[in-house]
Amino acid sequence: MWDMDAARAALPVVLSGFGVTLLATVLGFAVAVVAGLAIALVRRSAARWIARPVGWLGAFVCSTPVMVQLFAAWVLVPGLAPLPLGVLVLGLHYATYLSEVYRAGIDAVPKGQWEACAALSLPRGRVWRAVILPQAVRKVLPSLGNYAVSLFKETPFLSVITVGEMVHEASTFGSTHFAYLESLTLAAAVFLLASWPTSLLVRRLEARLAH
């Protein structure tokens, strides 16, 4: 049965954990955005002896659960604090997905854009910075938004390496105050209130860019 006093006591704890969840989401997605673009460019532009191993490593990361990767990193890199370690693991995990998103966006740039750059003899770096990447990123913005929401919803996995994110804090409160119903319900409500409007904004952006 719902206990209002327990819910009031749990709310500050849940919101404190939400701050950690939000921080992990923002930093993890920043890592994913940068690393994913780097992977996409390496696989497209680098020599085969570099591109192929990077592709195999990305496929391996994509094909293994993020929880397993967190446990492995926790064992193999014991000197790193849990939150930075979790941010790196989540970021690199999602970087493998975003690299494919970027590749699709780059492939969607019209062939005429490449031909025009070649005709103007633009430097390769300028072609990518000023012509190709701005168009490619605009095409994949909705997909990037969807992956940001997915990463946010996977932050509870960080609890396996003792990061005090929202679900971890809610579970700890529930076990010490015998109030699992109240604490975990509040955590679920915060997840819903944060992710649902963001998903709607992503859909609106997708519809707008489709026209």
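*Asks:* Any details on the nonpolar core? Residues and values, ideally.
*Replies:* Residues Leu98, Tyr102, Leu144 and Leu158 are the most contacted members of the largest nonpolar core, which totals 21 residues. Mapped by element, the contributors of at least two residues to this core are helix H1 (4–45), helix H3 (66–76), helix H4 (82–107) and helix H6 (124–154). With eight residues, the single largest contributor to this core is H4. Sequence-distant contacts of leucine 144, that is, excluding residues within four places in its chain, are made with Phe29, Leu98, Val101 and Tyr102. Counting 14 residues, the second-largest nonpolar core is a separate cluster that includes Ala7, Met166, Ala179 and Val190.

*Asks:* Help me get a handle on the side chain of threonine 64, residues and values and all.
*Replies:* Within the secondary structure, threonine 64 is located in the loop between helix H2 (48–63) and H3. Looking at threonine 64, its side chain comes within polar contact range of the main-chain oxygen of phenylalanine 60, at 3.1 Å.

*Asks:* An account of the confidence of the model for the protein chain is needed here, citing residue identities and associated values.
*Replies:* In this model, the protein chain carries a mean pLDDT of 91, and residues with pLDDT of at least 70 account for 99%. By mean pLDDT, helix H5 (residues 111–119) is the weakest element of the protein chain at 85, and H4 is the strongest at 95.

*Asks:* Give me the lowdown on the packing of aromatic side chains, citing residues and values where you can.
*Replies:* Centre-to-centre distance and the angle between the planes together describe a pair of aromatic rings. Here the structure, examined in full by the defined rule, presents six aromatic pairs. Plain terms: the ring middles of tyrosine 94 and tyrosine 147 are 6.2 Å apart, the flat faces sit at 70 degrees to each other, and that makes the pair edge-to-face. Of the two residues, tyrosine 94 sits in helix H4 while tyrosine 147 sits in helix H6, which places them 53 residues apart along the sequence. Under the relative-accessibility criterion, tyrosine 94 is labelled buried at 3%. Take tyrosine 147: its relative accessible area is 25%, and that puts it in the partly exposed class. Centroid distance tryptophan 114 to tryptophan 128: 5.4 Å. Interplanar angle 80 degrees. Geometry classified as edge-to-face.

*Asks:* With reference to specific residues and values, describe the pattern of salt bridges.
*Replies:* Evaluated as defined, the whole model comprises four salt bridges. Among the ionic pairs, arginine 8 bridges to aspartate 5, the shortest N-O distance being 2.9 Å. Taken together, the residues arginine 8 and aspartate 5, both in helix H1 and three residues apart, mark about one turn of the helix. Residues arginine 8 and aspartate 5 agree in their burial class; the two are exposed. Of the charged contacts in the structure, one is a salt bridge between arginine 103 and glutamate 100, with a shortest N-O distance of 3.5 Å. Of this pair, arginine 103 and glutamate 100 are both found in helix H4, three residues apart, which corresponds to roughly one turn of the helix. Residue classification places arginine 103 among the partly exposed positions, given a relative accessible area of 27%. Salt bridges sharing common partners tie together Arg43, Glu100 and Arg103.

*Asks:* Would you mind going over a nonpolar patch on the surface in detail, with residue names and values included?
*Replies:* Together, Trp74, Val75, Leu76, Val77, Leu80, Leu88 and Leu92 make up an exposed nonpolar region whose accessible area comes to about 640 Å². Among the secondary structure elements, those contributing two or more residues to the nonpolar patch are H3 and H4. Per-element accounting of the nonpolar patch gives the leading share, three residues, to H3. Secondary-structure assignment places valine 75 in helix H3. The exposed category is assigned to valine 75, whose relative accessible area is 61%.

Here is what the cut-offs are and how they apply
Note that residues are indexed from 1 along each chain, following the sequence as it is written. Predicted model: local features are reported for residues with pLDDT of at least 70 only, side-chain atom pairs are reported and counted for 80 or more only, and whole-chain, interface and lining totals are derived from all residues. The side-chain quantities take in all heavy atoms of the structure and omit both hydrogens and water. Buried Ala, Val, Leu, Ile, Met, Phe, Trp, Tyr and Cys residues form a nonpolar core when they are joined through side-chain atoms within 4.5 Å. Partly exposed describes any residue whose relative accessible area lies between the buried limit of under 20% and the exposed limit of over 50%, with all areas from a 1.4 Å probe on protein chains only and scaled to the type maximum. The helix and strand labels rest on DSSP assignments: H or I over at least four residues marks a helix, E over at least two residues marks a strand, and numbering proceeds from the N terminus. For this analysis, residues touch if any pair of their heavy atoms sits within 4.5 Å. Under this definition, polar contacts are N or O atom pairs within 3.5 Å; protein pairs additionally need one hydrogen-donor-capable and one acceptor-capable atom, and for neighbouring residues in sequence, both atoms have to be side-chain atoms. The predictor's confidence in any single residue is recorded as pLDDT, a number from 0 to 100. Pairing of aromatic rings covers Phe, Tyr and the six-membered ring of Trp, with a centre-to-centre limit of 6.5 Å; geometry is then stacked below 30 degrees between planes, edge-to-face above 60, and tilted otherwise. Basic side-chain nitrogens of Lys or Arg form a salt bridge, by our definition, when they fall within 4 Å of a carboxyl oxygen of Asp or Glu. What goes into a patch is any residue over 30% in relative accessible area without a salt bridge, connected to like charges within 9 Å or, for nonpolar side chains (Val, Leu, Ile, Met, Phe, Trp, Tyr), within 5 Å. The method behind every accessible area is Shrake-Rupley, applied with a 1.4 Å probe, and residues are considered shielded solely by the protein chains displayed.

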